[in-house]
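Reading the structure
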Amino acid sequence: MRMRKTAAAATVVLALTATATACGGKSGTAGDNAGEGYEGSYKVAKNVSFDSPTLKRAQKAGKIVVGVKADQPFLGYQDTSGNYSGFDIEIARMIAADLGFSEKQIKFDTVDSNVRETAISHHQVDYYVGTYTMNDERKKQVGFAGPYYTAGADLLVRKDEKDITGPGSLKGKKVCSITGSTPLAEIKKPQYGAETTELSKYSDCVKQLRDGTVDAVTTDDAILKGYAAKYQGQLKVVGKPFTKEPYGVGMDKDDKVLRGKITDALEKHIANGDYKAAYQATLGKSGSPYKAPKTPLPRY
């Protein structure tokens, strides 16, 4: 496997968070091999030219800078050697290839969830791929292409768990999530009857799940699939999401041409099977079956 390394730019905050865009809080790293094992091969487009200020800046610099997460197993994960891997990383690589940038011209920068809009609007990154939920409030500040994946709050349980079959079966069960997250706020509603545990890191919630302290962990299913993939044979995702979180590729709000080109790239790689291969080799290791996203994707 070719190894990819990068150092985060000094202008971009380096705090690592494992929250999806709808969630708050932070998470620690998951383990050095949590996202390794797959790199797709994407043909680099030649002589790419269209009227995009972002593209022109990147071409002048000779590199494309992509904002990503670094502590989400099999989504966006950076190991101790500095190598990035995971499903979101593959999505970012597919787009870069279609924009005319080779592997050596891609620079991944870890960007904290709380400063994503700042990093994009200040052109610290050319686009962002990292469990970034598209919503009306964010669209006031940044542009989105996608969604390339629709996540939803779900439940992570032990492999032999039989009583928890969805959010409606949580009465009296101990459920962990991180302080301030929207899945935590949802699961605390009286209708579920769950006993909640609030921690600062998803990795700590997963540890308590594995040692039997809690019965389930809740957050976006994409993140949970990553942990299920990391702990194959021990954990599983219930597969009954109870919210919707459409993940998009974030970029400069005014660069509508780039938005359309990135959407074209997503559609292309979904149609030619690259997307499916990337999913099955990353999040698919959780045991959750592949589900093709709807196309054509809307242009936001």
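Residues numbered from 1 in each chain as written. Predicted model: local features only at pLDDT ≥ 70, side-chain atom pairs only at ≥ 80, totals over all residues. Heavy atoms only, no water.

Let us now look at unusual backbone geometry. Residue Pro 147 follows Gly 146 across a cis peptide bond; omega there is 10°. In this structure, Pro 147 sits in strand β7 (residues 142-151). Phi at Phe 74 is positive, roughly 65°, even though this residue is not glycine. In this structure, His 123 is a non-glycine residue whose phi angle is positive, near 60°. (Helix = DSSP H or I, 4+ residues; strand = E, 2+ residues; numbered from the N terminus.)

Following both chains from N to C, one finds helix α2 (residues 87-98) and helix α9 (residues 274-281) inclined at 155°, their axes separated by 9 Å at the closest point. The orientation of α2 relative to α9 falls into the category roughly antiparallel. Between α2 and α9 the crossing geometry is right-handed. In contact with Phe 87, Glu 90, Ile 91 and Met 94 of α2, α9 contributes Asp 274, Tyr 275, Ala 278 and Tyr 279. For the contact of α2 with α9, a count of residues per class yields six nonpolar, no polar and two charged. (Axes fitted to C-alpha atoms, helices over the stretch in contact; angles between N-to-C directions. Parallel < 35°, antiparallel > 145°, perpendicular 65-115°, else oblique. Left-handed = near helix turned anticlockwise from the far one by under 90°. Contact = heavy atoms within 4.5 Å. Nonpolar A, V, L, I, M, F, W, Y, C, P; charged D, E, K, R; others polar.)

A volume near 740 Å³ is recorded for the largest pocket. Forming the walls of the largest pocket are 26 residues, and the residues nearest its centre are Tyr 149, Thr 150, Ala 151, Asp 221 and Lys 291. If you list the elements that add at least two residues to the lining of the largest pocket, you get β7, α7 (221-230) and α9. Broken down by element, the residue count for the lining of the largest pocket peaks at five residues, all from β7. Of the residues that constitute the lining of the largest pocket, the class distribution is 15 nonpolar, five polar and six charged. (1 Å grid on protein atoms, 1.4 Å probe; cavity = no way out; pocket = protein on both sides within 12 Å on 5 of 7 lines; lining within 4 Å. Points joined across faces, edges and corners; volume = space filled by probe spheres on them.)

Its location among the elements puts Phe 74 in the loop between β2 (71-72) and β3 (76-78). In this structure, the C-alpha to C-alpha distance between Phe 74 and Gly 226, residues 152 residues apart in sequence, is 5.0 Å.

The strand order β10-β9-β11-β8-β12 describes an open sheet built from five strands, whose pairing is mixed. Two strands lie at the open edges of the sheet, namely β10 (195-199) and β12 (235-237), each paired on one side alone. Within this sheet the neighbouring strands show an average axis-to-axis angle of 30°, counted without direction. Taken together, the four bridges between strand β8 (residues 153-158) and strand β11 (residues 216-220) define a ladder with antiparallel strand orientation. When the sheet's bridge partners are listed, Leu 155 is paired in β11 with Thr 218. The sheet contacts of helix α6 (residues 202-210) involve β8, β9 (174-178), β10, β11 and β12, and relative to β11 the element is tilted by about 150°. Running over the sheet, α7 touches β8, β11 and β12 and is turned about 130° from β11. (Pairing = 2+ DSSP bridges.)

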